[in-house]
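Architecture at a glance
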Amino acid sequence: MARLTGLSKGQLRAWDRSDFFSPRYAYEDRRSAYSRVYSFRDVVGLRTIAVLMKEHRVSVQKLRKVADELVRRGYDNWAEIKLYVVKGDVHFRPPGSEDVEGVFDGQLAMVPVIDVISDVEERVLKMKRRPQSQHGRIEKHKYVLRNAPVLAGTRIPTAAIQRFHEAGYSIKQIIHEYPSLTKKDVEAALAYEERLASSA
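Residues numbered from 1 in each chain as written. Predicted model: local features only at pLDDT ≥ 70, side-chain atom pairs only at ≥ 80, totals over all residues. Heavy atoms only, no water.

**Quick word on the pattern of salt bridges**
When charged atoms on two side chains of opposite charge get close, those side chains can pair. Across all of its chains, the model carries 10 salt bridges by this definition. A salt bridge links Glu187 to Lys183; the shortest N-O distance between them is 3.8 Å. Of this pair, Glu187 and Lys183 both sit in helix α8 (residues 183-199), 4 residues apart, which is roughly one turn of the helix. You can call Glu187 partly exposed: its relative accessible area is 39%. One network of salt bridges, in which partners are shared, links Arg47, Asp119 and Arg123. (Salt bridge = Lys/Arg side-chain N within 4 Å of Asp/Glu carboxyl O. Helix = DSSP H or I, 4+ residues; strand = E, 2+ residues; numbered from the N terminus. Buried < 20%, exposed > 50% of the residue type's maximum accessible area, 1.4 Å probe, protein only.)

**Examining the pairing of strand β4 (residues 89-93)**
Pairing between strand β3 (residues 82-86) and β4: 5 bridges, direction antiparallel. The residue bridging Leu83 from the neighbouring strand is Phe92, located in β4. Linking β3 to β4, which pair antiparallel, is a turn of 2 residues; within it Lys87 sits at a positive phi near 50 degrees. Here β4 runs beside strand β5 (residues 101-102); their pairing, made up of 2 bridges, is antiparallel. Within β5, the residue paired with His91 across the bridge is Gly102. (Pairing = 2+ DSSP bridges.)

**Things to note about helix α4 (residues 60-72)**
The first and last C-alpha atoms of α4 sit 18 Å apart over 13 residues, in line with the 18 Å expected at 1.5 Å per residue. Restricting attention to buried positions, one finds in α4 the residues Leu63, Val66, Ala67, Glu69 and Leu70. Lining the buried residues of α4 we find α3 (40-54) and β4. Once α4 finishes, Gly74 follows within two positions and takes phi at roughly 100 degrees, a positive value. (Expected span 1.5 Å × (residues − 1). Contact = heavy atoms within 4.5 Å.)

**Focus: the nonpolar core**
One finds Trp15, Phe20, Leu46, Ile49, Leu52, Leu63 and Trp78 to be the most contacted residues of the largest nonpolar core, which totals 24 residues. Those elements giving two or more residues to this core turn out to be α2 (9-17), α3, α4, β3 and β4. The element contributing the most residues to this core is α3, with 5 residues. (Core = buried A, V, L, I, M, F, W, Y, C linked by side-chain atoms within 4.5 Å.)

**So, the packing of aromatic side chains**
What describes a pair of aromatic rings is the distance from one ring centre to the other and the angle between the planes of the rings. Enumeration according to the criterion identifies 4 aromatic pairs in this entry. Measuring from ring centre to ring centre gives 5.0 Å for Trp15 and Phe20, while their planes differ by 90 degrees; the resulting arrangement is edge-to-face. The burial state of Trp15 is the same as that of Phe20; both residues are buried. When the centroid spacing of 5.8 Å and the interplanar angle of 70 degrees are considered together, the rings of Tyr75 and Phe92 count as edge-to-face. Separated by 17 residues along the polypeptide, Tyr75 in the loop between α4 and β3 and Phe92 in strand β4 bring together distant segments of the chain. Overall, the relative accessible area of 16% leaves Tyr75 in the buried class. (Phe/Tyr/Trp six-rings, centres within 6.5 Å; stacked < 30°, edge-to-face > 60°.)

**Remarks on a nonpolar patch on the surface**
A cluster of nonpolar side chains, contributed by Tyr25, Tyr27, Tyr34, Val37 and Tyr143, occupies part of the molecular surface with about 550 Å² of accessible area. If you trace the backbone, Tyr25 turns up in strand β1 (residues 25-26). Taking the relative accessible area as the measure of exposure, Tyr25 reaches 39% and is therefore partly exposed. (Patch = residues over 30% accessible without salt bridge, like charges linked within 9 Å, V, L, I, M, F, W, Y side chains within 5 Å. Areas by Shrake-Rupley, 256 points an atom, 1.4 Å probe, with all protein chains shown as cover.)

Here's what the structure looks like:
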């Protein structure tokens, strides 16, 4: 979330605890795995807040007031509406309307819209790209497939690659099933599974 939004982990945690911005799927036990799961709308909303703070110098105090006012008007998510900024004041355009009005004073304004959806989509795509250093590496993580060995940067278990191989799939066919993988990945997964079998 920090990488997608440009906000710090500390800010995200503090805003969650203060109810300024909590994730869509939040559970009481914060220490349990996946107790905080953000939706795409959450990401867009938080990215909007980050843009307002960093590029338009809108203070957190003012953003809290804006959030309260938008909730009062029936908008419970920052991603629901288009926001505008004039001299540090936040304006918005109600859905289905051509008018842009001030959050507090109701005055109309015509300014460029802050539209972060495409920015967030681009950030998501960048995060999904695996760096070269992960190709051909096997990892195990406590919260990824219950510590099963997977190809680095993915949730694809080496056992799945082995099953395709046993079913007669070629490396090229396996890559067709998992387009994010490379030849190096498939070879590493098969070598790993072979070592496991020989040590059993």
